[in-house]
Structures are given as C-alpha cells and as structure tokens.
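Understanding the architecture of this molecule
What follows is the residue order along each chain.
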Amino acid sequence: MGIFNEKIVNLKLSIVKLIFTLTLLLGVVSIQAKNILYSDPNIQWLGRWNENTGLGKWSGWGGSQVVFVVHGTSTVVVNADVVDPDDSNFCILSVVIDNSPLNSNVYYFTELSETFSGSKSVTITLPDTTSHTIIMHTEGYNEALFSGIEKTTIKSFDIDSTGAIETWRQGLKRLQTVGDSWMAAECDYPRLMDRTKWVLYPVATGGLKASDMDKQYNFNYSGSLVKDPAMDDIIVSFGVNDFNSGVTSADFEKSLESVVDKIQLNQPNSPVFLIQAPKNIVTGKDFGKYGDAMQNIAKRHQKVYYISTRSLETSIGWQPDGSHLAEASKKILADFIDSAIAQYQLSTKYKK
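Read on for an overview of the structure. What you are looking at is a predicted structure, and each value in this text was computed from that prediction instead of being measured.

Rules used in this analysis
- Residues numbered from 1 in each chain as written.
- Predicted model: local features only at pLDDT ≥ 70, side-chain atom pairs only at ≥ 80, totals over all residues.
- Heavy atoms only, no water.
- Helix = DSSP H or I, 4+ residues; strand = E, 2+ residues; numbered from the N terminus.
- Buried < 20%, exposed > 50% of the residue type's maximum accessible area, 1.4 Å probe, protein only.
- Contact = heavy atoms within 4.5 Å.
- Right-handed = clockwise from strand over helix to strand, strands pointing away.
- Salt bridge = Lys/Arg side-chain N within 4 Å of Asp/Glu carboxyl O.
- Pairing = 2+ DSSP bridges.
- Axes fitted to C-alpha atoms, helices over the stretch in contact; angles between N-to-C directions.

Attention shifts here to the environment of A334. Along the chain, A334 turns up in helix α7 (residues 327–346). Of the residues examined, A334 reaches a relative accessible area of 0% and is grouped as buried. Distance in space between the C-alpha atoms of A334 and L192 is 5.8 Å, their sequence separation being 142 residues. Setting aside anything within four residues of it in sequence, one finds A334 in contact with Y189, L192 and M193.

Structure representation (structure tokens):
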C-alpha cells in the first residue's frame, strides 16, 4: 500500500509539474509580440514619405502622418532607426490616440545631450485593448528634418499576439494641408476636420514662414523634387511665424503668392483656400493682419479663395505660448474651415 501511495503521489507531482510547465509555455506564447512591417497594407502613409526599400519609411516633413486602427493589444511598440547627430534632444515621433480634440499629441524624445544613430523603440501605452485610432508623426527641427540630417525611419510595429491592425476608413477626397505647426503635429487642426469626407495629405512642418515654404514646397526633402498625387482641394495657412519674425505684410504677400504659384503648377485643377490665423485678443498678437495680403492674392488668381477667421477671435482659446490654439479650439477652427469650404463649393464663385 505504501509503495502504491508513493506512486500516486509521484504521479500527482508529475501532473502538477506538467501543468505548471504548460502554463509557463502558454504564458510565454500569450505575451509574445506580433510584428507588423511598415509595408503592411492596413497602414496609411499620408503626406510626403520616402521609402528605404525593405527597411522603412521616413519623411522630411513633420506634418506627414502614419495612421491605422489597432485592437486587442495594450501597447504599440514603434521600431525605428534614428539619426540624431547633435545634442538637440531630438523628437523621434509624436502620437495622438483616438483623434479627439481633447487628446493632445504625446512626444517621444532622445535623451538630452545625446548624440545617437541607431535603432530605437518607443512604447505607446493604450487606454485599454478595445479599438483605437493611432495618428503618428515623425518629428524634428525644420532645417535638420528637411535636409535629412535628423530623421526617424519607421521600420515596424509590435503589438500583443492577440492584437490586430486595420485600415482607418476615411473619406475619398484628398485634402492637401500646406503650412506651419498649425498644419503639423504641434497644433494640427486639420486632423479634426471631417475625416469621413477628407483623407489628409499634409505638407507642413513647425516653424515655417511663408518664405520658408516658398523654398521647400517643391521638394520631398532637400534636393529631391516631388510630384504629389492629384488633390481635390488644398488649404494653405501661414502668419504665426511670420508675425513672430516681424515679416512685413508686403514681404508676406510676395512669398505667399510665390507659394500659391508653385501649388497651382503642381495641382492645376485643385481649388486653393487661403486661411489666416486669427488674432490672439489676449496677447494682442494680430496674426490676422496678413488677411489683406491673402485677399489680394485670391483676387489675382483663378480658383484661389480667401477664408477669414476674424469671427472666431472671441470664441477660441490659446496655449500658454500665445501662438497655438488650445486643444478644444482646434475643433472649433476645423469645423469652421469645413463649413467655409462647403459654402464656397455651393456658391457661383467657386470654380472646380
């Protein structure tokens, strides 16, 4: 009997060990990451992107977007190659989850005083494992980003083994958004326009003046000429950096008109809407003073229209820097622009 009981005990111990081993193995399997390559067809690359074939994509424009929908995962890990040749505390990328006016961009940086070139991974923590929309920008300072001196090349994404990536279903009309940080990650109100109507094609970077865009518009990045796909409509917005840099209205008009000329050569069939930033009535910064210059340009060009934002001055709020809209006010501006474009399209003045 004693030997029999001992055999039973040993058998039970073996079963327990087997269950424990299987549990560990299953646990390992459950937490293994699923790797999604940058070339996955569910990932949309909006704007001007450059492909290192088989390796990843990078952009010389900070406003360019990577968008997709993810579900069944608690995190998204972005695997990238980063070039940061100085100690500028380079911003690898920024991310906004669930395209809401109340959800601002989260920024991910290299370390301050770090000179770095190599692989980096950034972990984006999601609120839960339900479905979430991801909008991602690669970042950097304008001159270094445009020249390719600093850049982030996105290679792949890791998600939980239970997760999946899907395409973000957007509108069919392609809208090019040309401008500074108001069109890029720092403020990016166009992301809050009607995405059931529009799919964005950003051509924007923070810090640009109209004269900077005049030099850069025709290029993917420094030295690489671009030919964009056909656009249904184009919005152009400048004024904040011009005002902060003391650019005169005459010089602004000259530079912006040159930008418009380049746009119309690139997109001869696309209506162009010029939008000035509204006056900040708290600080007194009158970004809207360039509206007259925009009106003059619109009068001299076919299929160029001016949208005044003066009526918004008392209804919008500003970030502490005095140059960017508060989060909720981005949606106010986005809805206003959507409505203004729709009104133009219904008018007899509109020429498609």
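Past the structure itself, the notes keep going.
Looking at where E253 falls in the secondary structure, it is placed in helix α5 (residues 249–266). In the structure, E253 is positioned 41 residues away from M294 in sequence and 6.9 Å away in space, judged by C-alpha atoms. Ignoring any residue separated from it by four or fewer positions in sequence, one finds E253 in contact with A293, N296, I297 and R300.

Take the pairing of strand β18 (residues 272–276) next. With five of five residues buried, β18 lies mostly within the body of the structure. In β18, alternate side chains face the same way, and those of V272, L274 and Q276 on one face and F273 and I275 on the other are all buried. For the crossover from β18 across helix α6 (residues 291–300) to strand β19 (residues 304–307), the handedness is right-handed.

This part takes up the pattern of salt bridges. Tallied over the entire structure, the rule returns twelve salt bridges. The partner of R310 in a salt bridge is E313, and the shortest N-O contact between them spans 2.9 Å. On the accessibility criterion, R310 (34% relative accessible area) is partly exposed. The shortest N-O distance in the salt bridge between K330 and E327 comes to 3.0 Å. Pair noted here: K330 and E327 are both in helix α7, with a separation of three residues, about one helical turn.

Moving on, we get to unusual backbone geometry. Unusually for a residue other than glycine, D98 sits at a positive phi of about 55°. Judged by relative accessible area, D98 falls into the partly exposed class, the value being 27%. With phi around 60°, K303 is a residue other than glycine that occupies positive phi space. Tracing the backbone shows K303 in the loop between α6 and β19.

The next point concerns the sheet that holds strand β13 (residues 173–179). Here we have five strands laid out as an open sheet, ordered β14-β13-β17-β18-β19, and parallel in their pairing. Looking at which strands have only one partner, the edges of the open sheet turn out to be β14 (198–204) and β19. Between one strand and the next, the sheet's axes are offset by a mean angle of 25°, whatever the strand orientation. In terms of strand pairing, strand β17 (residues 233–238) meets β18 through five bridges, oriented parallel. Bridge pairing links I234 to V272 in β18. Relative to β17, α5 is tilted by about 160°, and along the sheet it contacts β13, β17, β18 and β19. The strands touched by α7 within the sheet are β14, β17, β18 and β19, with β19 carrying the most contacts at an inclination of about 135°.

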